[in-house]
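# Survey of secondary and tertiary structure
Chain by chain, the residues:
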Amino acid sequence: MLRGEQSRKVFITETVLRDGHQSLFATRMRTDDMLPALEAMDEVGYWSLEMWGGATFEVAQRYLNENPWGRLRQIRAVVKKTRLQMLLRGQNLVGYQHYPDDVVVRFVELAAENGIDVFRVFDALNDVRNMECVISTVKRLNKHAEGAISYTLSPVHSVESFVKTAKELRDLGCDTICIKDMAGLLTPYAASELVSALVKEVELPVHMHCHTTSGLAQMAYLKGIEAGARIIDCAISPFAGGTSQPATGTMVAALSGSPYDTGLDLRGALHRVAEHFSEVRKKLEATVGQPDVRIDTAILEYQIPGGMMSNLTNQLKEQKALHRLKEVLEEVPRVRADLGYPPLVTPTSQIVGVQAVMNVLFGQRYGVILEETKNLVRGFYGRTPGPINEDLKRRVLGKEEPITCRPADMLKPMLVEAQKAKGVKNDEDAVTYALFPQNWEAYLKSSQRNSTAER
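Heads up: these notes are all about the structure in this document.

Turning our attention to the packing of helix 8 (residues 159-171) against helix 9 (residues 188-201). Contact pair helix 8 / helix 9: the axes reach a minimum separation of 10 Å and the direction vectors enclose 40°. Remark: the crossing between helix 8 and helix 9 carries right-handed chirality. In this structure, helix 8 contributes Val-159, Phe-162, Val-163, Ala-166, Lys-167 and Arg-170 to the contact, and helix 9 contributes Glu-193, Leu-194, Ala-197, Leu-198 and Glu-201. Along the lines of polarity and charge, the residues of the contact of helix 8 with helix 9 split into seven nonpolar, no polar and four charged.

See the structure below:
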C-alpha cells in the first residue's frame, strides 16, 4: 500500500472524531455532531479517519448514553472511501486493565466486522507481549495492523530501544509503525534521528502521532517527514492545538508545492469539514468549557500529558489541596523513576499520577501504596522498561518475586460468563459487559443503546 510507492507524498490521518475531542473536550462529542460532516470528510482524501477506541468507547456508553458499537456502524454506513481507524491499548483494549484472550479476540473480530480497517495497537510499557494477541487477530482478519511505540524520555529509553520494539512489532506482522508521542516530547532533531533509524532498520512505513502541548509538534512532523515518515496525524483546525494535534490545514499548506505535498485541497471538502466543526466546538465550549490551549514547555520536564494534568488538578481540587500542585508535579518524575520509567500513557499515567498525589498528601512517600501501583510492581501490567526501586519492591512483594510470564496468561476466560449477564443479547453486549461491568446497569436503561443495538 505504501512500501511500493516511489513518491514522497505525505498522507494524513484526521483525528477530530477521536483524539481531537478527547484531548480538548474530554471525549464529549456526540455521534449526532459527527454525522453531518462525514460525507465531506470522505471526499477529502485522508489516509484514514481515527474515530473509535481510546476513551470514546467508555465515554459514549457511560456519559453520553450512546451505544459505541452503534457509533461505529453509523459512521461506516456513510464513509465508503476512507479507512476507519481505532486506537487499541493492546491487552487492555479500550479499558484500564488486562482482559483475557477470549475477550480480546472477540472484541477485535467485532470491531473489524463493524467497519474498522486500521488498528493502532500500543502498550503503555512497550511490552510487545501485551500486543501479540490483538495483532495476530487483526492479521488473521486481513486488516491493517499498526504497531505503536509509546514515545518517552528517560535514562532507559533510546533510539536503539525504540527500534528494537519496532522490529518486534514488524516480526509480529505489523504493516506500519507509529511513533506515539502522547505528551508532545518529540523534538525536531530527535524526530529526524528516530524516523531515520526506523526507516533504515525496520523498513516499514512510519506514521507520526504528536500532540502540540509543548509547541514542538509541527517542527517534529517536518523533520520526521524529511527523514522518511509517510503519514502524520492532524486534527481539523477547530479541534487542533493545545493538547490535541497540529491543524490539518496548517500541515497541508506547509507541505504544499514540496516533494511531500499531500495533494489535499484547502478549499472544497476540507473547508466544509472545518466549517462544520467550528459550530460543534461552540456547542462543546458551552457545555464542557473552553480548553486550555496554551503552550506548556514544562511538560518537557514533568512529561505529563494533558489528560493526566487535568486529572491531577481535579483530584487536588476535591481534596482542597490545589495549592500543592507544584509538589505533585515534582513528585511525578520521582515516582516514575521508582516504577522503572514507564511511559506516561493510559493506564500507567493514572497509576503514576495518583501515587504521586498520595505521596504528597499523606506526607510520607509510599505511606499509602495504591493497589494498581502494587500490581505494576508485581508485573501484572507487563515488563517495565527499567528496574523498579528495590526498597519499593520489597515493601510490595516481601520475599515474593514479580511474575515473568505474559500477564494475560494468568487470566481466566470471561466471555462465556459475560454472555450470561442480565440483559446481554449478543456478543457485542457480552464484550461491553466484560469491559465495563460497573457501567452495565445504567447502559441497559439507555435509550440510545436500545435504539442502535440491533444489528
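Still to come is the rest of the account.
If you walk through the whole model with that rule in mind, you get 13 aromatic pairs. Relative to Phe-277, the ring of Phe-239 has its centre 6.0 Å away and its plane inclined at 85°; by these criteria the two rings are edge-to-face. Separated by 38 residues along the polypeptide, Phe-239 in the loop between strand 8 (231-234) and helix 11 (248-255) and Phe-277 in helix 12 (residues 269-287) bring together distant segments of the chain. The pair formed by Phe-239 and Phe-277 is uniform in burial state, with each residue classed as buried. Relative to Tyr-443, the ring of Trp-440 has its centre 5.5 Å away and its plane inclined at 55°; by these criteria the two rings are tilted. In this pair, Trp-440 and Tyr-443 are both assigned in helix 21 (residues 440-444), three residues apart and thus about one turn of the helix distant. Here Trp-440 matches Tyr-443 in class, with each residue buried. Three or more aromatic residues joined by ring pairs make a cluster, and in this case those are Trp-52, Phe-57, Trp-69, Tyr-96, Phe-107 and Phe-436. The ring of Tyr-63 has Arg-28 sitting right over it, with the charged end atom 4.3 Å from the ring centre. A cation over an aromatic ring shows up here: Lys-180 above the ring of Phe-122, its NZ or CZ 4.9 Å from the ring centre.

Our next topic: the pairing of strand 3 (residues 83-88). With respect to burial, strand 3 is a largely interior element, five of its six residues being buried. With five bridges connecting them, strand 2 (residues 48-53) and strand 3 associate as parallel partners. Among the inter-strand pairings, Leu-49 is bridged to a residue of strand 3, identified as Leu-84. Bridging between strand 3 and strand 4 (residues 118-121) involves four bridges; their strand directions are parallel. Bridge assignment links Met-86 to a residue of strand 4, and that residue is Phe-119. A crossover connection joins strand 3 to the parallel strand 4 through helix 6 (residues 101-113); in handedness this β-α-β unit is right-handed.

Considering the arrangement of structural elements, one finds Asn-130 in the loop between strand 4 and helix 7 (132-140). Looking at Asn-130, its side chain comes within polar contact range of the side chain of Asp-123, at 3.1 Å. Discounting residues that sit within four places of it in the chain, Asn-130 has contacts with Gly-90, Gln-91, His-98, Asp-123, Tyr-381, Gly-382, Arg-406 and Pro-407.

What follows is about the pattern of salt bridges. Following the criterion strictly, the structure yields 38 salt bridges and no others. A salt bridge links Arg-106 to Glu-109; its shortest N-O distance comes to 2.9 Å. Of this pair, Arg-106 and Glu-109 both sit in helix 6, three residues apart, which is roughly one turn of the helix. A salt bridge links Lys-422 to Glu-441; its shortest N-O distance comes to 3.8 Å.

With that settled, the discussion passes to helix 11. Note that an α-helix has 3.6 residues per turn; residues three or four places apart therefore point the same way. Restricting attention to buried positions, one finds in helix 11 the residues Thr-248, Met-251, Val-252 and Leu-255. Along helix 11, the residues classed as buried sweep out an arc of 105° about the axis, all on the same side. Next to the buried residues of helix 11 lie strand 1 (11-14), helix 10 (217-226), strand 8 and helix 12. Two residues or fewer past helix 11, Gly-257 is found with a positive phi of approximately 80°.

Moving on: the sheet that holds strand 7 (residues 206-210). Reading around the barrel, the eight strands line up as 1-2-3-4-5-6-7-8 and close back on themselves, with parallel pairing between neighbours. In this sheet, neighbouring strand axes are inclined to one another by 30° on average, regardless of whether the strands run parallel or antiparallel. Helix 1 (residues 16-25) contacts strand 1, strand 2, strand 3 and strand 7 of the sheet and is inclined by roughly 60° relative to strand 2.

Now for the environment of Arg-18. You can see Arg-18 is positioned in helix 1. On the basis of relative accessible area, Arg-18 is assigned to the buried category, the value being 2%. Each C-alpha atom of the pair Arg-18 and Arg-73 lies 15 Å from the other, and the pair is 55 residues apart in sequence. Once residues lying within four places of it in the same chain are set aside, the contact partners of Arg-18 are Glu-50, Met-51, Trp-52, Gly-53, Gly-54, Thr-56 and Leu-87.

Another point: the side chain of Asp-42. Mapped onto the fold, Asp-42 is located in helix 3 (residues 38-44). In this structure, Asp-42 is buried with no salt-bridge partner, the nearest side chain bearing the opposite charge being Lys-81 at 5.8 Å. Within the structure, the side chain of Asp-42 is placed 3.1 Å from the backbone nitrogen of Lys-81, a separation counted as a polar contact. Non-local contacts of Asp-42, meaning those with residues more than four positions away in its chain, are made with Val-78, Val-79, Lys-80, Lys-81 and Thr-82.

For the rest of this paragraph, the subject is the packing of helix 9 against helix 10. Two elements in contact, helix 9 and helix 10, have axes whose closest approach is 8 Å; the angle formed by their N-to-C orientations is 30°. When the interaxial angle is binned, helix 9 and helix 10 end up roughly parallel. Note that helix 9 runs across helix 10; the crossing there is right-handed. Residue-level inspection shows Pro-188, Tyr-189, Ala-191, Ser-192 and Val-195 of helix 9 in contact with helix 10, the latter providing Met-219, Ala-220, Lys-223 and Gly-224. Classifying every residue of the contact of helix 9 with helix 10 by side-chain character gives six nonpolar, two polar and one charged.

Rules of the game
Residues numbered from 1 in each chain as written. Predicted model: local features only at pLDDT ≥ 70, side-chain atom pairs only at ≥ 80, totals over all residues. Heavy atoms only, no water. Axes fitted to C-alpha atoms, helices over the stretch in contact; angles between N-to-C directions. Helix = DSSP H or I, 4+ residues; strand = E, 2+ residues; numbered from the N terminus. Left-handed = near helix turned anticlockwise from the far one by under 90°. Contact = heavy atoms within 4.5 Å. Nonpolar A, V, L, I, M, F, W, Y, C, P; charged D, E, K, R; others polar. Phe/Tyr/Trp six-rings, centres within 6.5 Å; stacked < 30°, edge-to-face > 60°. Buried < 20%, exposed > 50% of the residue type's maximum accessible area, 1.4 Å probe, protein only. Lys NZ or Arg CZ within 6 Å of the ring centre and 35° of its normal. Pairing = 2+ DSSP bridges. Right-handed = clockwise from strand over helix to strand, strands pointing away. Polar contact = N/O pair within 3.5 Å; in protein donor to acceptor, adjacent residues only side chain to side chain. Salt bridge = Lys/Arg side-chain N within 4 Å of Asp/Glu carboxyl O. Arc of directions from axis to C-beta. Lys, Arg positive; Asp, Glu negative; His and termini not counted. Parallel < 35°, antiparallel > 145°, perpendicular 65-115°, else oblique.

Take it as geometry only, folks, not as evidence of what the structure does.
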